Amino acid sequence: MSNDNTPAKNAIRVRFAPSPTGFLHIGSARTALFNWIFARHYGGTFLLRIEDTDLTRSEARFLDEIMTDLKWLGINWDEEPIHQSKRFDVYRASAEELVKAGRGYREGEAYIFKMPGARVIEVNDMIHGKVSFNTNDIKDQVMIKSDGSPAYNFCCVVDDAYLKVTHIIRGDDHLSNTPKQILFYEALGLKAPEFGHMPLIMGADGAKLSKRHGGVSVEEYKREGYLPEALVNYLLLLGWSPGDNREIMSLDEAVKIFDSKNMNSVQAKFDLQKLRWMNGEYIAKKGSGELLPLIKEQLKVSGRGEGVSEELLLKLTDLYKIRMKTLAEFVPATDHFFGDNYSIDEKAVEKHLKPAESKAILREFTDRIEKAGNFSAASLEEMCRAMAEEKKIKAGQIIHPTRVAISGKTTGAGLFEMMEVLGKAKVVERMRKAAS
Ligand code: GLU
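Residues numbered from 1 in each chain as written. Predicted model: local features only at pLDDT ≥ 70, side-chain atom pairs only at ≥ 80, totals over all residues. Heavy atoms only, no water.

**Overview of the overall build of the protein**
Turning to step 1, where the next piece is worked out: Counting its secondary structure elements, the protein contains 18 helices and 12 strands.
Turning to step 2, where the next piece is worked out: Radius of gyration (C-alpha) of the protein: 30 Å, far over the 22 Å computed for a compact globule of 436 residues.
Turning to step 3, where the next piece is worked out: Projecting the C-alpha coordinates of the protein onto the three principal axes gives extents of approximately 100 × 45 × 35 Å.
Turning to step 4, where the next piece is worked out: Expressed as a percentage of the 436 residues in the protein, the buried residues total 53%.
Turning to step 5, where the next piece is worked out: Accessible surface, the protein: about 20200 Å² in total, of which carbon and sulfur atoms supply 51%.
Turning to step 6, where the next piece is worked out: When the 62 positive and 62 negative side-chain charges of the protein are each reduced to one mean point, those points stand 2 Å apart. (Helix = DSSP H or I, 4+ residues; strand = E, 2+ residues; numbered from the N terminus. Rg over C-alpha atoms; globule rule 2.2 N^0.38 Å. Buried < 20%, exposed > 50% of the residue type's maximum accessible area, 1.4 Å probe, protein only. Areas by Shrake-Rupley, 256 points an atom, 1.4 Å probe, with all protein chains shown as cover. Lys, Arg positive; Asp, Glu negative; His and termini not counted. Charge placed at Lys NZ, Arg CZ, Asp CG, Glu CD.)

Structure below.
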């Protein structure tokens, strides 16, 4: 950030002001996150304000989901949220006051603010530095619409003043609103807070973030099996550079080392591959027991895993957590452990199971493992190596067909671990079937 107007500790009050007309957008989540970190870093207060002035488009289910998603991300608020829909009288009274003072006029039921001419309004933005606007370029501003609902710029100022907000961090899309808001503060005899506008998040192709870049709402990422720690960590990097090339960082650490001066003033590019990579790192590091409820949820959604034991799920989580970028990948990767109705890669079947030579190898390996007393991954591996040596073939010539035979896939966990988990009876049955 390019100015240094940080007030004393504890005095900071920031807010996140969502409109519950849709789900929590990734960009809004980033805004909420930075306000929260700013508050926590300086020992201030983080508030939530519900901007539900559009009574027809605001819905309780959106508000519920926004609040659930904020908590899911680890963002908590300090005071009871205020709802703008309950404060229409307050806004009207303020508008009335400005009209009485000659700063505005009525147009039917509406209250309009008269824009003063030829004034330069300077915004000393925390992120962009000085930005100037000329009031000649701004038209008169509606304060209260003819339907009685307040206009955003007006009620935003009334409420930010009421809540004693000291710093407003929000998206660049609001920068052009800021001179209008500054004029409202002035007209109402109030001190304007500090403003910081974060450059918007763009898709990797430079276009506005949209569905085709991977999803725009937090709820979509949650459903796909992203961990909140990973999403938060990634959003952090979309607005701030910790400075020492650090990428993986917890929210607690971020709060500690946050420095508003390092907030990015250039547009952030949303890179889904990077987010996937980061999510994979977080999944791999998590204890399988902690992942278990999330894995169960994925199974439930997919309609699989009915009656599957917790023990099996834990084993599979152990085996697969280092191989997943999202938890949604768990079910398709492990479907062969939940009954015989699993997906089969036909190309792999063609390549690894069709040749007569593969079938013969598979038959022989099946005979050997069927006779063996021990079905542990280690002894299966030993049997495979021994057979390869004896037959003067590569271990891969046994491993590839066996893998396709028992899982229908060419990728997955280690073959011998997979065999051990599936158990002798199932493995032999599938291998015989594939070799026939
Ligand atoms: N409800 C507005 C939005 O979601 C809030 C903007 C602001 O922070 O002032 O864009």
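**Overview of the site of the ligand**
Turning to step 1, where the next piece is worked out: Around the ligand, the structure places R15, A17, S19, E51, Y152, C156, R170 and H174.
Turning to step 2, where the next piece is worked out: For the ligand, a nitrogen atom lies 2.7 Å from a polar atom in the backbone of A17.
Turning to step 3, where the next piece is worked out: Within the side chain of H174, one N or O atom sits 2.7 Å away from an oxygen atom of the ligand.
Turning to step 4, where the next piece is worked out: Relative to its unbound accessible area of 290 Å², the ligand is 79% covered by the protein chains.
Turning to step 5, where the next piece is worked out: In the shell around the ligand, the residues fall into 3 nonpolar, 2 polar and 3 charged. (Near = heavy atom within 4 Å. Polar contact = N/O pair within 3.5 Å; in protein donor to acceptor, adjacent residues only side chain to side chain. Nonpolar A, V, L, I, M, F, W, Y, C, P; charged D, E, K, R; others polar.)

**A few points about the layout of surface pockets**
Turning to step 1, where the next piece is worked out: A volume near 990 Å³ is recorded for the largest pocket.
Turning to step 2, where the next piece is worked out: Lining the largest pocket we find 37 residues, and of these S19, H25, S28, D173 and H174 sit closest to its centre.
Turning to step 3, where the next piece is worked out: Within the residue set of the lining of the largest pocket, elements represented by two or more residues are strand 1 (13-16), helix 1 (26-41), helix 4 (152-162) and strand 9 (167-171).
Turning to step 4, where the next piece is worked out: Looking at the lining of the largest pocket element by element, the count peaks at 5 residues for helix 1.
Turning to step 5, where the next piece is worked out: Of the pockets and cavities examined, the second largest pocket occupies roughly 360 Å³.
Turning to step 6, where the next piece is worked out: In terms of lining residues, the second largest pocket is bounded by 16 residues, among which K222, R223, E224, G225 and Q298 are the most central.
Turning to step 7, where the next piece is worked out: Where the lining of the second largest pocket is concerned, the elements lending two or more residues are helix 6 (218-224) and helix 10 (288-302).
Turning to step 8, where the next piece is worked out: No other element matches the 5 residues that helix 6 contributes to the lining of the second largest pocket.
Turning to step 9, where the next piece is worked out: Residues belonging to the lining of the second largest pocket are distributed by class as follows: 8 nonpolar, 2 polar and 6 charged. (1 Å grid on protein atoms, 1.4 Å probe; cavity = no way out; pocket = protein on both sides within 12 Å on 5 of 7 lines; lining within 4 Å. Points joined across faces, edges and corners; volume = space filled by probe spheres on them.)

**So, the sheet that holds strand 5 (residues 110-113)**
Turning to step 1, where the next piece is worked out: Reading across from one edge, 4-5-8 is the order of the 3 strands in this open sheet, with antiparallel pairing throughout. Of all the strands in the sheet, just strand 4 (104-107) and strand 8 (141-144) have a single pairing partner and so form its edges. The average angle at which neighbouring strand axes cross in this sheet is 35°, direction not considered.
Turning to step 2, where the next piece is worked out: Taken together, the 3 bridges between strand 5 and strand 8 define a ladder with antiparallel strand orientation. By the bridge assignment for strand 8, Y111 is matched with I144. (Pairing = 2+ DSSP bridges. Axes fitted to C-alpha atoms, helices over the stretch in contact; angles between N-to-C directions.)

**Looking at the pairing of strand 7 (residues 129-134)**
Turning to step 1, where the next piece is worked out: As paired strands, strand 6 (residues 120-125) and strand 7 are joined by 6 bridges and run antiparallel to one another. Looking at the pairing, V123 lines up with V131 of strand 7.
Turning to step 2, where the next piece is worked out: The turn linking strand 6 back onto strand 7 is made up of 3 residues.

**Here's the deal with the sheet that holds strand 1**
Turning to step 1, where the next piece is worked out: Spatial ordering of the open sheet is given by 1-2-3, a layout of 3 strands whose pairing is parallel. Edge strands, defined here as strands with exactly one partner in the open sheet, are strand 1 and strand 3 (82-83).
Turning to step 2, where the next piece is worked out: Where strand 1 lies against strand 2 (residues 45-50), 4 bridges are found, and the strand directions are parallel. By the bridge assignment for strand 2, R13 is matched with T45.
Turning to step 3, where the next piece is worked out: Strands in contact with helix 1 are strand 1 and strand 2; relative to strand 1, the strand with the most contacts, it is inclined by about 165°.
Turning to step 4, where the next piece is worked out: Against the sheet, helix 4 contacts strand 1, strand 2 and strand 3, and its axis sits at roughly 145° relative to strand 2. (Contact = heavy atoms within 4.5 Å.)

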